[in-house]
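Next come the chains, spelled out residue by residue.
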Amino acid sequence: MTREELVANLIEFAALAFKVDASTLSEDTNLNELGTSSVQRVAMSASIENEYDVMIPVARFGNFETIGKLADFVLEEAE
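Residues numbered from 1 in each chain as written. Predicted model: local features only at pLDDT ≥ 70, side-chain atom pairs only at ≥ 80, totals over all residues. Heavy atoms only, no water.

## Details of unusual backbone geometry
Line of reasoning, step 1. Positive phi, close to 55°, is recorded for Lys19, a residue that is not glycine.
Line of reasoning, step 2. Checked against the element boundaries, Lys19 lands in the loop between helix H1 (3-18) and helix H2 (31-34).
Line of reasoning, step 3. Looking at Lys19, the relative accessible area reads 71%, which means it is exposed.
Line of reasoning, step 4. One non-glycine residue, Asp53, lies in positive phi territory at about 55°.
Line of reasoning, step 5. Topologically, Asp53 is positioned in the loop between helix H3 (38-52) and helix H4 (58-61).
Line of reasoning, step 6. Asp53 sits in the exposed class, given a relative accessible area of 72%. (Helix = DSSP H or I, 4+ residues; strand = E, 2+ residues; numbered from the N terminus. Buried < 20%, exposed > 50% of the residue type's maximum accessible area, 1.4 Å probe, protein only.)

Structural data, given as structure tokens:
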């Protein structure tokens, strides 16, 4: 999996979880600006965990400022 493929998937997961148009998102999108609802964060975390077998505690999810930083974490953990 390339970083670009991962970012594209995370954008799709974010669009579904936060109910926004994926075309408005990029790796520089600030996750906190999309929403801070724990339900939305759990939904996105669950998608990532199911797809990449990477555990992201909900409390830690807020530490990832952008989709790109979340992608970097997933890449590190998936190795």
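## Some remarks on the pattern of salt bridges
Line of reasoning, step 1. Tallied over the full model, the rule gives 2 salt bridges.
Line of reasoning, step 2. A salt bridge links Arg3 to Glu27, with the nearest nitrogen and oxygen atoms 2.8 Å apart. Separated by 24 residues along the polypeptide, Arg3 in helix H1 and Glu27 in the loop between H1 and H2 bring together distant segments of the chain.
Line of reasoning, step 3. Taking relative accessible area as the criterion, Arg3 reaches 24% and is therefore assigned partly exposed.
Line of reasoning, step 4. Overall, the relative accessible area of 33% leaves Glu27 in the partly exposed class.
Line of reasoning, step 5. Across the pair Arg3 and Asp72 runs a salt bridge, and its minimum N-O distance is 2.8 Å. Note that Arg3 is positioned in helix H1 and Asp72 in helix H5 (residues 67-78), a separation of 69 residues in sequence.
Line of reasoning, step 6. Overall, Asp72 belongs to the partly exposed group, its relative accessible area being 34%.
Line of reasoning, step 7. Linked by salt bridges that have partners in common, Arg3, Glu27 and Asp72 make up one network. (Salt bridge = Lys/Arg side-chain N within 4 Å of Asp/Glu carboxyl O.)

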